[in-house]
Number of protein chains: 2
Amino acid sequence: MTFQAEWLRTTLLATSLAFTMAGPVLAGSAPAEFKVTDFLLDNGMEVVVIPDHRAPIVTHMVWYKIGSADEPPGKSGIAHFFEHLMFKATTHHAAGEFDRAVSDIGGSNNAFTSYDYTAFHETVAPSALELMMGFEADRMRNLILTDDVIKTERDVILEERRSRIDNNPEAVLDEEVDATLWQNQPYRVPVIGWMQEMEQLNRTDATAFYDKYYRPNNAVLIVAGDVEPDAVRALAEKTYGKVARGPDLTPRIRPVEPEQNTKRTVTLSDARVSVPSFSTQWVVPSYHSGKPGEAEALDLLAEILGGGNRSRLYQALVVQQGIASGAGAYFQGTMLDDTNFTVYGTPRGDARLADVEAAVDVEVARIARDGVTPAELEKAKDRYVRSMIFARDKQDSMANIYGSTLATGGNVQDVQQWPDRIRKVTADEVKAVAARYLVLDRSTTGYLLPQAKAEN
Amino acid sequence: MTFQAEWLRTTLLATSLAFTMAGPVLAGSAPAEFKVTDFLLDNGMEVVVIPDHRAPIVTHMVWYKIGSADEPPGKSGIAHFFEHLMFKATTHHAAGEFDRAVSDIGGSNNAFTSYDYTAFHETVAPSALELMMGFEADRMRNLILTDDVIKTERDVILEERRSRIDNNPEAVLDEEVDATLWQNQPYRVPVIGWMQEMEQLNRTDATAFYDKYYRPNNAVLIVAGDVEPDAVRALAEKTYGKVARGPDLTPRIRPVEPEQNTKRTVTLSDARVSVPSFSTQWVVPSYHSGKPGEAEALDLLAEILGGGNRSRLYQALVVQQGIASGAGAYFQGTMLDDTNFTVYGTPRGDARLADVEAAVDVEVARIARDGVTPAELEKAKDRYVRSMIFARDKQDSMANIYGSTLATGGNVQDVQQWPDRIRKVTADEVKAVAARYLVLDRSTTGYLLPQAKAEN
């Protein structure tokens, strides 16, 4: 059980292609075997079926439209806490029985929590799909939440926070950068929660949370693999279909950012840091919160400016100037509310961090001032398309694309039309979003420094 | 109608003595004429009477234990909005009637909103006290909140925000410094509210807010001046006593700060800025949230380090080095939750802001390392005491001390025992809070710069 905040952070460059790009084009240019079907059960549960007959495996995921950004004030961490609690005993199954059932048949399973959703998934042989659905449908409503279960699992998440965050200077800095970048929007609160609030989470909180959000009408079922839509529908009705619909939930309208007017820095100096690094972030629109085309342009901007070894930042800082061991940019577009656009760099050898940051700033200013060339833009679009061939082999990435999109305000059509929208983006549109959003006077920069370089 | 965030900020050094110190010692060393009486009405309303017979005037204040830090997420500004709405028509009086009644008898009245409370006050001849109580008791429950009233007054607070904040670079910077200093606690949200949320405030929000918080059992009545407790009690029972008690309110337990681990900066460069300045803030305990003696030690620390022309910062930077036109420190102790300790400086002539900041940092580091001398400490305590003679002439400051203390979790005894607690503070205790809290690696510094000096 991981929480996606860190999962995203540590694997973002690797997964962002698969997450944001692979599936859509895949679906758009869909061979019959990838023809996606979606429908609703009578109790409001959404179902998406992505046939993929190349191997006798199936990826089964349930996405709940509840994440850390939906938590009540003072209850930070409860969404991730609940991800853990979902692996406890139910009225039908002892704790651990589900996990054992999966491993006994040679499958794998896990779960993750993010700002906007909580997801549970298993990869097994198609013959075990009904069993998986039975277990998932059971824990959707039948958890036994005793004070003892709460206390035991709370100790687990507290220890998870200590080991993942508090013992990791980079994670501590990331938390305080987020709390600085976001002045009002709940993405400012860490997914795992603030320690002093996690310590107070109790059974009353958990039960209210469970009853409100763990309902079929707040869930999306994604089944990808060696299955047919009709068979999936029959099994889904037989399992999830038996779960009563819950009360309608109010729209997910959260506090939004005010206009930002300042340049901010966040500095952590720690003896455990050997190599300094920095990252600069801006608040930008997401696929869900932006105007048509903005997020697509930001995706291409991130790819051209800092997406891998062909990007401007890597070529300028790592290859040509040789002052950086790493430099790049990324955009996390699949979010319900406004999201962040990030550039980063790490000096190589004796190079100074300030020089690396200055060189990154030069490239950011240049792309905002002069825009991108048609050739760069076409190459970036080509790289997206080529990345699909790679992504096509990753069944779970396809499931993740549909799940994350549907859990953040999108629908199957948004995913399928996405490649066409990407292809329509012009160089002027990329230049426009760079000029509009990548303004240093309204940025937040985090510095991770060795103790010696403390800037006091 | 002002909102106290700015009121505090602009007049803090002037009012902090009166606010934090004048009353207590006054009360502690109280001549008979200042003997304070407090009691509860049957409906739960607290009453404090501070006789002061030197002049035939009376200060009448009603403090509601509701401030911006109590607002629901996404509804920022509603506490201050409600301060405005309280001057509108009721079932008994037309809008403006209360104001006219006050001015007709040569009195004065106003109101203010802060993070922890909203207060309404009038200063009139004692003969008009019952009239004032009648008006205040009436608007506690009988406001007529129509959509028209809401829309009209909402336009007023939006314009107030534009003129007070958005047209004032210093105020814009202050807002974003607060949103950076506070990572979780609601003091991060501006008292006047975020524009995009103020625009959405509606009659439903206002009515719910009014019915929940504007109740006698959530209010404190302070009457200071040429009156006797028995007479005040009789008038209070005749007016406020007729207002029905409201539902019990849940304790004011708010999200608190996580452990802070980073050094943060917030920079605003603006063409309207002629002289640069900086301020550095730390999160520290308040009188209500701190351990016994901590806030008292922080008050004396602020006085010794930066309280006026005798302070270390003023003497070092303005008098001896001559590099600053102003430098000082302040501590806002009268808050419900943790509060901020601030040092600041402005260069003189051609001096560089960085040199002024470095010189301030030197004094901060020195007082945290070496502490204060017994002589300094005694002089600081003496200055407190001497300031009382001045404060004694300000009847409204006495009312403010009791009102703000009782509205932030304190009681009359806390105020009256305060001078003894201050006198008990040792030099070691002052050094201890300086060393514990004034750590630059966990500070937030705001820079207000002329456009030319933009640090991009």
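Located above this text is the structure these notes cover.
I will try to describe carefully the structure that is included in this document. Model, not experiment: these values are computed from the prediction.

1. Some words on the pattern of salt bridges
All names here are of chain A.
- Per the stated rule, a full pass over the model turns up 58 salt bridges over all chains.
- For Glu46, the salt bridge goes to Lys65, with nearest N and O atoms at 2.8 Å. Of this pair, Glu46 sits in strand β3 (residues 46-51) while Lys65 sits in the loop between β4 (58-64) and α2 (78-85), and the two are 19 residues apart along the sequence.
- Three or more residues joined by partner-sharing salt bridges are found here, namely Asp70, Asp116, Arg252, Arg254 and Asp337.

2. Focus on the relation of the copies chain A and chain B
- Of the two same-sequence chains, chain A is brought onto chain B (RMSD 0.0 Å, axial shift 0.0 Å) by a rotation of 180 degrees. As the rotation angle and translation indicate, the two copies are arranged about a two-fold axis.
- When you check the interface residues of chain A against chain B, 97% turn up at the interface there too, and the contact is symmetric in its surfaces.

3. Observations concerning the interface of chain A and chain B
- Contacts between the two partners involve 33 residues from chain A, matched on the other side by 32 residues from chain B.
- Roughly 2,700 Å² is buried in total at the junction of chain A and chain B, and carbon and sulfur atoms are behind 48% of that figure.
- One can count zero salt bridges joining chain A with chain B.
- The tally of links between chain A and chain B comes to 19 residue pairs in polar contact (both at pLDDT 80 or more).
- Among the elements that take part in the side of chain A that touches chain B, strand β8 (residues 263-270) of chain A stands out by supplying six residues, more than any other.
- For the side of chain A that touches chain B, the per-class residue count stands at twelve nonpolar, twelve polar and nine charged.
- Sheet topology places β8(A) next to strand β8 (residues 263-270) of chain B; five bridges connect them, and they run antiparallel.

4. A short note on the environment of B:Glu170
All names here are of chain B.
- You can see Glu170 is positioned in helix α6 (residues 169-181).
- Classification of Glu170 as partly exposed rests on a relative accessible area of 47%.
- Distance in space between the C-alpha atoms of Glu170 and Asp99 is 32 Å, their sequence separation being 71 residues.

5. Thoughts on the sheet that holds β8(B)
- Pairing is mixed across the open sheet formed by ten strands, whose spatial order is β10(A)-β11(A)-β9(A)-β12(A)-β8(A)-β8(B)-β12(B)-β9(B)-β11(B)-β10(B). In the strand order of this sheet, the two ends are held by β10 (324-331) of chain A together with β10 (324-331) of chain B, each with one partner. Strand-to-strand, the axes of this sheet are offset by a mean angle of 15 degrees, without reference to chain direction.
- In the sheet, β8(A) pairs with strand β12 (residues 444-450) of chain A via seven bridges, with the strands oriented parallel. For A:Asp270, the partnering residue across the bridge sits in β12(A) and is A:Pro450.
- Across the sheet, helix α11 (residues 312-320) of chain A is in contact with β10 and β11 (339-347) of chain A; its angle to β10(A) comes to roughly 170 degrees.
- Running at roughly 160 degrees to β8(B), α6(B) makes contact with β8 of chain A together with β8, β9 (277-284), β11 (339-347) and β12 (444-450) of chain B of the sheet.

6. Looking at the packing of helix α2 (residues 78-85) of chain B against helix α8 (residues 203-213) of chain B
All names here are of chain B.
- Contact geometry for α2 and α8: axes closest at 11 Å, N-to-C directions at 85 degrees. In terms of orientation, α2 lies roughly perpendicular with respect to α8. When α2 is examined against α8, the residues Ile78, Ala79, Phe82 and Leu85 are found in contact with a partner set consisting of Asp205, Ala206, Phe209 and Tyr210.
- Residues of the contact of α2 with α8, tallied by class, amount to seven nonpolar, no polar and one charged.

7. Re the environment of B:Thr408
Residues and elements named next belong to chain B.
- Mapping Thr408 onto the fold places it in the loop between α14 (395-406) and α15 (412-424).
- Residues Thr408 and Lys65, spaced 343 residues apart in sequence, show a C-alpha to C-alpha distance of 7.5 Å.
- The residues touching Thr408, leaving out its near neighbours within four places in the chain, are Asp116, Tyr117, His288, Thr334, Met335 and Leu336.

8. Points about the pairing of β8(B)
- The buried fraction of β8(B) amounts to eight of the eight residues, a majority that puts the element mostly inside the structure.
- With burial as the criterion, each face of β8(B) is covered, one bearing B:Lys263, B:Thr265, B:Thr267 and B:Ser269 and the other bearing B:Arg264, B:Val266, B:Leu268 and B:Asp270.

9. Overview of the packing of aromatic side chains
- As enumerated under the stated definition, the model contains 39 aromatic pairs over all chains in all.
- For the ring pair A:Phe112 and A:Tyr117, a centre distance of 6.5 Å and an interplane angle of 75 degrees mean the geometry is edge-to-face. This pair shows no difference in class: A:Phe112 is buried, exactly as A:Tyr117 is.
- Measuring from centroid to centroid gives 5.9 Å for B:Tyr64 and B:Phe120, while their planes differ by 80 degrees, and the two rings are edge-to-face. Of the two residues, B:Tyr64 sits in strand β4 (residues 58-64) while B:Phe120 sits in strand β6 (residues 118-124), which places them 56 residues apart along the sequence.

What counts, and where the lines are drawn
- Residues numbered from 1 in each chain as written.
- Chains lettered and ligands numbered in written order.
- Predicted model: local features only at pLDDT ≥ 70, side-chain atom pairs only at ≥ 80, totals over all residues.
- Heavy atoms only, no water.
- Salt bridge = Lys/Arg side-chain N within 4 Å of Asp/Glu carboxyl O.
- Helix = DSSP H or I, 4+ residues; strand = E, 2+ residues; numbered from the N terminus.
- Least-squares fit on C-alpha atoms with pLDDT ≥ 70 in both.
- Contact = heavy atoms within 4.5 Å.
- Buried area = accessible area lost by both parts, 1.4 Å probe.
- Polar contact = N/O pair within 3.5 Å; in protein donor to acceptor, adjacent residues only side chain to side chain.
- Nonpolar A, V, L, I, M, F, W, Y, C, P; charged D, E, K, R; others polar.
- Pairing = 2+ DSSP bridges.
- Buried < 20%, exposed > 50% of the residue type's maximum accessible area, 1.4 Å probe, protein only.
- Axes fitted to C-alpha atoms, helices over the stretch in contact; angles between N-to-C directions.
- Parallel < 35°, antiparallel > 145°, perpendicular 65-115°, else oblique.
- Phe/Tyr/Trp six-rings, centres within 6.5 Å; stacked < 30°, edge-to-face > 60°.

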